[in-house]
Structure formats: C-alpha cells, structure tokens
Amino acid sequence: MTALNLAAATQITRQPPHLMLAEPMLTMCGISKNFGGVKALSDVDATVYPGEVLGIVGESGSGKSTLLRMMNLEDTPEAGSYHLALPGRENSNLFSLDRFERRSLRAEHIGIVYQNPHLGLLMGHTSSGNVAERLLIAGKRNFAELRERARQSLDASEFPVERMDATPRELSGGMQQRVQLAKAIALEPAVLLLDEPTTGLDVSVQALVLDTLKRLQRDHAITMVLVSHDLGVIRTMADRVMVMRRGNVVEQGLADQIFQDPQHAYTQQLVHAKL
Amino acid sequence: MNIEVSIPKTPAPVLRVEGLTKQFEMHHLKRTLFAFDNIDFELHEGEFILLRGENGAGKSTLLRTLYRSYLPRAGHAYYHTREGVIDLASAADVDIAVLRRREIGFVTQFLNARPRVAAEEVVAEPLRLAGTPHAEALVEARRWLSAFGVKKQLWAAYPSTFSGGEQQKVNLARALILPQRLLLLDEPTASLDRDSRKALVERLTQLKASGVAMIGVFHHPEDVAGLIDQEIALKAIKIEDQ
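Residues numbered from 1 in each chain as written. Chains lettered and ligands numbered in written order. Predicted model: local features only at pLDDT ≥ 70, side-chain atom pairs only at ≥ 80, totals over all residues.

**Student:** Now, about the overall build of chain A: what can you tell me, with residues and values included?
**Tutor:** A count of helical and extended segments in chain A gives 11 helices and 9 strands. Taken over the C-alpha trace, chain A has a radius of gyration of 19 Å; the compact-globule value for 275 residues is 19 Å, and the two agree within 12%. Taking the principal axes of its C-alpha atoms as reference, chain A extends roughly 60 × 45 × 40 Å. Looking at chain A residue by residue over its 275 residues, the buried ones come to 46%. Put simply, 66% of the contacts in chain A that link residues at least 6 apart link residues at least 24 apart. (Helix = DSSP H or I, 4+ residues; strand = E, 2+ residues; numbered from the N terminus. Rg over C-alpha atoms; globule rule 2.2 N^0.38 Å. Buried ≥ 20, exposed ≤ 12 C-beta atoms within 10 Å, placed from the backbone. Contact = placed C-beta atoms within 7 Å.)

**Student:** Kindly report on the overall build of chain B, identifying the contributing residues and their values.
**Tutor:** Counting its secondary structure elements, chain B contains 6 helices and 10 strands. Taking 242 residues into account, the globule formula puts the C-alpha radius of gyration at 18 Å, and chain B, at 18 Å, falls close to it. Along the three orthogonal principal directions, the C-alpha set of chain B runs to about 55 × 40 × 35 Å. Each of the 242 residues in chain B was classed as buried or not, and the buried ones make up 45%. Counting only contacts in chain B whose residues sit at least 6 apart along the sequence, the fraction spanning at least 24 positions is 73%.

**Student:** Break down the nonpolar core for me, with residues and values.
**Tutor:** Note on soluble globular proteins: their nonpolar side chains tend to be buried together. Within the largest apolar cluster, 136 residues are counted, with the highest numbers of intra-cluster contacts made by A:V191, A:V225, B:V123 and B:A173. By residue number, the principal contributor to this core is helix α7 (residues 173–185) of chain A, which donates 6 residues. Residues in contact with B:V123, not counting those within four places in the same chain, are B:A141, B:W144, B:L145, B:V170, B:A173, B:R174 and B:I177. (Core = buried A, V, L, I, M, F, W, Y, C linked by C-beta atoms within 7 Å.)

**Student:** Quick rundown of helix α6 (residues 143–156) of chain A? Include the residues and the values.
**Tutor:** All names here are of chain A. A rise of 1.5 Å per residue sets the reference length of α6, with its 14 residues, at 20 Å; its end C-alpha atoms lie 20 Å apart and thus fit the reference within 8%. Where α6 is buried, its residues touch α5 (127–137) and α7. Just beyond α6, the residue with positive phi is E158, at close to 60°. (Expected span 1.5 Å × (residues − 1).)

**Student:** Tell me about the environment of B:A141, and please be specific about residues and values.
**Tutor:** Residue and element names in this part refer to chain B. Note on placement: A141 falls in helix α4 (residues 134–147). On the basis of neighbour count, A141 is assigned to the buried category, with 27 C-beta atoms found within 10 Å. Taking the C-alpha atoms as reference points, A141 and A119, 22 residues apart in sequence, are found 8.9 Å from one another. Leave out the neighbours within four places in its chain, and A141 touches E120, V123, A124, A173 and I177.

**Student:** Go over the sheet that holds strand β2 (residues 38–48) of chain A, please, and point to the residues and values.
**Tutor:** Two modes of strand pairing occur in sheets, parallel and antiparallel, and in both the strands are linked by backbone hydrogen bonds. Residues and elements named next belong to chain A. Ordered in space as β2-β1-β4, the 3 strands form an open sheet in which the pairing is antiparallel. Bordering the open sheet on either side are β2 and β4 (79–84), each of which pairs with just one other strand. On average, each strand axis in the sheet is tilted by 20° relative to the strand beside it, whichever way the strands run. Two strands pair when backbone bridges link them, and strand β1 (residues 26–35) and β2 are joined in this way by 7 bridges, in the antiparallel orientation. Within β2, the residue paired with T27 across the bridge is T47. Along the sheet, helix α2 (residues 64–71) makes contact with β1, β2 and β4, crossing β2 at roughly 60°. (Pairing = 2+ DSSP bridges. Axes fitted to C-alpha atoms, helices over the stretch in contact; angles between N-to-C directions.)

**Student:** Give a description of the interface of chain A and chain B that names residues and reports values.
**Tutor:** Between chain A and chain B, the residue contacts involve 32 residues of the former and 29 residues of the latter. Contributing elements (two or more residues each) for the side of chain A that touches chain B: α1 (6–9), α8 (203–220), β9 (248–254), α10 (255–260) and α11 (265–274) of chain A. Taken together, the residues that form the side of chain A that touches chain B break down as 13 nonpolar, 12 polar and 7 charged. (Nonpolar A, V, L, I, M, F, W, Y, C, P; charged D, E, K, R; others polar.)

**Student:** Break down the confidence of the model for chain B for me, citing the residues and quoting the values.
**Tutor:** Residue-level pLDDT values for chain B average 88, and 91% of them are 70 or greater. Complex prediction metrics read pTM 0.89 and ipTM 0.88. (pLDDT = per-residue confidence, 0-100.)

**Student:** Go over the sheet that holds strand β3 (residues 48–52) of chain B, please, and point to the residues and values.
**Tutor:** Residue and element names in this part refer to chain B. Here we have 5 strands laid out as an open sheet, ordered β6-β7-β8-β3-β9, and parallel in their pairing. Looking at strand neighbours, the two that pair on one side only are β6 (104–107) and β9 (230–233), the edges of this open sheet. Neighbour-to-neighbour, the strand axes of the sheet open up by a mean angle of 15°, direction not taken into account. Taken together, the 4 bridges between β3 and β9 define a ladder with parallel strand orientation. Across the sheet, residue L51 finds its bridge partner in β9, namely I232. Along the sheet, helix α1 (residues 59–67) contacts β3, β6, β7 (182–186) and β8 (213–217); its crossing angle with β7, the most-contacted strand, is approximately 145°.

**Student:** I'd like to hear about the packing of helix α3 (residues 119–129) of chain B against α4(B), residue by residue, with values.
**Tutor:** Residue and element names in this part refer to chain B. For the pair α3 and α4, interaxial distance at closest approach is 8 Å and the crossing angle is 120°. The orientation of α3 with respect to α4, classified from their angle, is oblique. Taken as a pair, α3 and α4 cross one another with a handedness that is right-handed. Of the residues in α4, those in contact with A119, E120, V123, A124, L127 and R128 of α3 are H134, A137, L138, E140, A141, R142, W144 and L145. Its residues assigned to classes, the contact of α3 with α4 comprises 9 nonpolar, 1 polar and 4 charged. (Parallel < 35°, antiparallel > 145°, perpendicular 65-115°, else oblique. Left-handed = near helix turned anticlockwise from the far one by under 90°.)

**Student:** Tell me about unusual backbone geometry, and please be specific about residues and values.
**Tutor:** All names here are of chain B. Notably, N38 is not glycine yet its phi reads approximately 55°, a positive angle. Structurally, N38 can be placed in strand β2 (residues 31–43). Accessibility expressed as a C-beta count within 10 Å gives 10 for N38, which makes it exposed.

Rendered as structure tokens:
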C-alpha cells in the first residue's frame, strides 16, 4: 500500500481559492479525537462552501461518521476548531460553546438525516408532529403555523402530505427518510448533514431519495455533507470528495477526479473495487 | 440557436500551456503509465486546435487534464479569466468548479445519465444553475433538443434508457446550451448521424465566430476541416516498470 505516495503522483501543490468569492460555510481545522487508545481522527481539516455537496467516503472505522457527529456538535474533539458562517457567530469556535448553546445552535442551524430513522425521529408521534417539534424548539408556537410549515417541509421532501398524520412506525423506510429530511430542512439549516441516508433502502427507493436530495440541492442550493460507503451515491451527489482512512484524510478532490484519476493507493483500491 | 456570447476582446491567449505532463501511478501494478510529456501550446480567442494521434496517444487524456478530471504531474495551463490568470494545473478545486459552471465546457461521447431525470431537465440544468428561471430554461432546452434532432416524444423521458446516439445528442445539447469561453471536445461526433453532425458543426462554427476557443479530438476530422487553425500531434509514450 505504501509503495508509492501521493507526492509521486503529482508534483503540483494546489493553490488557495481565487475565483470562489464566498467564504466557506463550514470550516473544521485540526480535528483530533481518540476513543480509548484508538485514534479515531487525527488532525483532520474540512471546508465546505455555500451550496456545495461534500462527499466523505471510507470504510467502516475510517472516522467519517465520527467527523459528521462533530459537525452536528454531538461530540467534541480533543483538539481542533469548528466554524459555521452564521451571522454573529463567524468568529466563534463552536466547540467552545456550552452544551445548551450547542443544542440550540444545532436545532436552529444544522439539519441531520441518519441512516437509522430511530435516531432522528419519534416513531410513535405523527410525521407532521416530528417536523413541528423542530419548529417548536425554534420558538414557533402558533398551531396553525406549525402545521402549515410542517406540511410545506414534508412537501418539499416529496413526502405525500395526505399521510402527514401517520406515525413513522406506519411508514416504509424510504418515507421515514423523507420525514427525517423534512425535519432536517424545516428551519432552512446552514448545513445539512447526511449520514448514510440511503443505506439499507431498496435500490429503487434509494434512487427516489437521492433524486429528492438532488432536487433540494438544485432548487435551494443547500450546503450538504454526505457520508457514505456507497461510491455510487457519492458519485451521483457530491461536488467534491474527501477520502478517509484510519482517521486521516488520504485524498480530496473534485468528484470526477477522485473517480477517474485517484491518486492515493487506497483510493485506487476503493474505486477499482467498485468498477 | 440565438444565444449571444459576449467575450471581452483581449490580445492575451485564452490558454497558455507550458510543460504540461501527465502520468498515471498504478499503485497495484507498481507501474507508471506515461500519457504525455512536456506539452506547450497557446490558444487564442476564436481559435480551434485539432488534436491528432493514434489510439492511446493521450488526446483525451490531455482534454481531461485541462478540465482537471485528471491531475497533471507537472507543468502549467494558464487560463485567462475576467479576473486575471489562473493556472488550471494547480487551481483550487472550488475554483475549477466555478470555471466549469461559468466558462469551461467539456463535451464527451458519454452521458453520465442520472436516474429519473427527464432529457429536457438534463439539458436545462446548466441554465438553471446559472440562474435562469425554470420555465425559460425548459423552453431553451427543448429548442436545443430539437436542433440536435431528438424527437419530441423523448423530451420528457429519461435518457438512461436512450440509445447511444440519442444520449449523445442530449449530451451535446446540454454541453452547448450555455455559451462557454473554452470548449473541450472529446469526439463529440463519434456516434452521431449525419444531420446531427451537421447541426453540431454549424453550432461550433457559430461559437468560433463569436470568439469561443476550442480544443478537440474528432473521429472524423474532415467534419471540422473548415474550423481548424492549429493541429497538435501526440505520440504514445511507452510504459516503464518501476
């Protein structure tokens, strides 16, 4: 695996951006995290620009989901900083907020869709109630407005709104993911985090969910971070890709470059295994 | 086909390539595949370069390297943008993404068809990403599909089910709907019938006249004989064991 390194493949160092005028929506620097004696993340940097979809690939244990949990402020690292381009928050390292501030920031500005709907939804409450809960946390109290906003959000996620009073327990896997998505986008988050959103769904249902995500991305330019071990999903969705292995970023680039001209031995192995 | 292209007249070349070198490190074989070495050329506004060479000489590889689907090993590709000069060989990924949305187009023989997206939506997408309202973008997309001879019954169908030739027409319509400043053409006529080839050459002639710079690989170079300003011949380089 280490016979050739990245430096051998290209002698060219990437320049900082000149044409991209927007500031990054999300910036993480030097993230390190240990679980017991195991290094889950070592000195990881990540940058996502407004409207971009960043794909993170890697095998189980590569640290990709741990990194996503950090982005969702569910966990804090031993070292590193995290900034989101939110008005009034540009200069604050979000990891240094107390847990109440973190929770309210997460509720208002970060949306997440988990692989397992049980993590994101109250399975016994109605679908509209699940979405409205997110709005309640943000201080909305008027019942008619809550219901209307929940309906709009479910509709945007291509959930059949006539079923908005069904509980997730009564819905199929693909529909549960749409409820999670509606909840995640209800407050127009700064960043939408997707943790294996289509893993475990039938191929046809998977295509429908990806299509919805693609449409949301196109029509609303939502900034997304998508974690998946499925290269097909990443290829369909991502603008840029970060390849992780054993807690390190081994390579990153434009999605077509990662798939057509992978530089690192590990990425080549990964891409060749797929094709 | 009445999209106007407005490009500032500048004496500097659109693209100046210096010492551009590409090789592939194939880690699992412990081998290096040399694609092309030390290429230099200049391309000005409204110029058309034809790349020549046998199969495997690196023609498509050069186009993909300029588009940055491939990373060069060494060298420079200075591209003059409205904001100044940027080296495509080393520019940040997000800058390349900006240029691809705005002014550098790539036309291939293959369409990467996304499931469940109608042909007209595929073609309209570049316009929509550039801010054109949906309805307007669709009208334009249909006009282009029609210009390339895609039958009306297919406009709302999914291209993933189309024949190779029909897919390519969708691809061409998509690639040429937005006026670009630099067009990279990778065998755009490969599986087209005569009428669509004619429509394509007409459009390329029109683009050239309006100042678009182009580099292309053509299976039948005689199709574009009237457009060629420069020819660059590439030769295959041998594979060396490490």
